[in-house]
Amino acid sequence: MSGQPSSPTRRRLLMAAPLVVAGGVGVGFWRMLSGMTKGSFDPHDIHAPALNRPVPDFALPDQAPGQGFSARDLRALKSPVLVNYFASWCIPCVAEMPVLNALKERLPIWGIAYKDKPEHALGFVQRAGNPYARIAADRDGLAAIDWGVSGVPETFLIGPGGVIRWHTASPITETMITNTIMPLADSLKS
């Protein structure tokens, strides 16, 4: 600057900028709350662009010997499987384990340990009961990005041919199993 005082118009604009931003945030917050009161806002409803598309390309090492898997494995499926992202440090993951353990008799579940140390992930499934037919490790979280994972737990129903048919970004519940997962999985069985 050359030492000249700034114009009053410029100062007003600079003073108004935070108010405009705060107003925009307020409008967004108001719309979210308005949607919640009408029952149209679900914070766990993530609009997964991957729905009804093939699983992304990935290959993950095993979390336990002989259990890693890849997109190729999922694309070779002839019947549905649930893919569940989990972590030993995730409290909602602990809460959903009894439900997953009950579900494993009806539908195969493959787990992906998300940003977890191998010994912690294996200790977690040993303590909580292991619902997983296969467990892979996404130690750096890069495969999760391709899947569109925003956190854990996150679960995908994969149909024959490796197509993503359903997705949730919340813990699996009995209601989900009864009303959504099993009816859809049954309709996908050949």
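As shown above, the structure is provided for reference.
Residues numbered from 1 in each chain as written. Predicted model: local features only at pLDDT ≥ 70, side-chain atom pairs only at ≥ 80, totals over all residues. Heavy atoms only, no water.

### A word on the overall build of the protein chain
- Scanning the protein chain for helices and strands turns up six helices and seven strands.
- Starting at the N terminus and ending at the C terminus, the protein chain contains elements arranged as α-β-β-α-β-α-β-α-β-α-β-β-α.
- Across the 190 residues in the protein chain, those meeting the buried criterion constitute 42%.
- Counting contacts in the protein chain only where the partners sit at least 6 residues apart, residues at least 24 apart contribute 73% of the total. (Helix = DSSP H or I, 4+ residues; strand = E, 2+ residues; numbered from the N terminus. Buried < 20%, exposed > 50% of the residue type's maximum accessible area, 1.4 Å probe, protein only. Contact = heavy atoms within 4.5 Å.)

### Side note on unusual backbone geometry
- A cis amide bond, omega -5°, links V152 with the succeeding residue P153.
- Its location among the elements puts P153 in the loop between α5 (142–147) and β6 (154–159).
- Phi at K115 takes a positive value of approximately 45°, unusual for a residue other than glycine.
- Looking at where K115 falls in the secondary structure, it is placed in the loop between β4 (109–114) and α4 (118–128).

### Some details on the pairing of strand β3 (residues 81–86)
- In terms of burial, β3 is largely enclosed, as six of its six residues are buried.
- Alternating positions in β3 separate into two faces, V81, V83 and Y85 on one and L82, N84 and F86 on the other, with burial throughout.
- Where β3 meets β6, five bridges bridge the pair, whose relative direction is antiparallel. Within β6, the residue paired with N84 across the bridge is T155.
- As paired strands, β3 and β4 are joined by five bridges and run parallel to one another. Along β4, the bridge assignment pairs F86 with A113.
- Since β3 and β4 lie parallel, the crossover through helix α3 (residues 91–103) that links them has a hand, and here it is right-handed. (Pairing = 2+ DSSP bridges. Right-handed = clockwise from strand over helix to strand, strands pointing away.)

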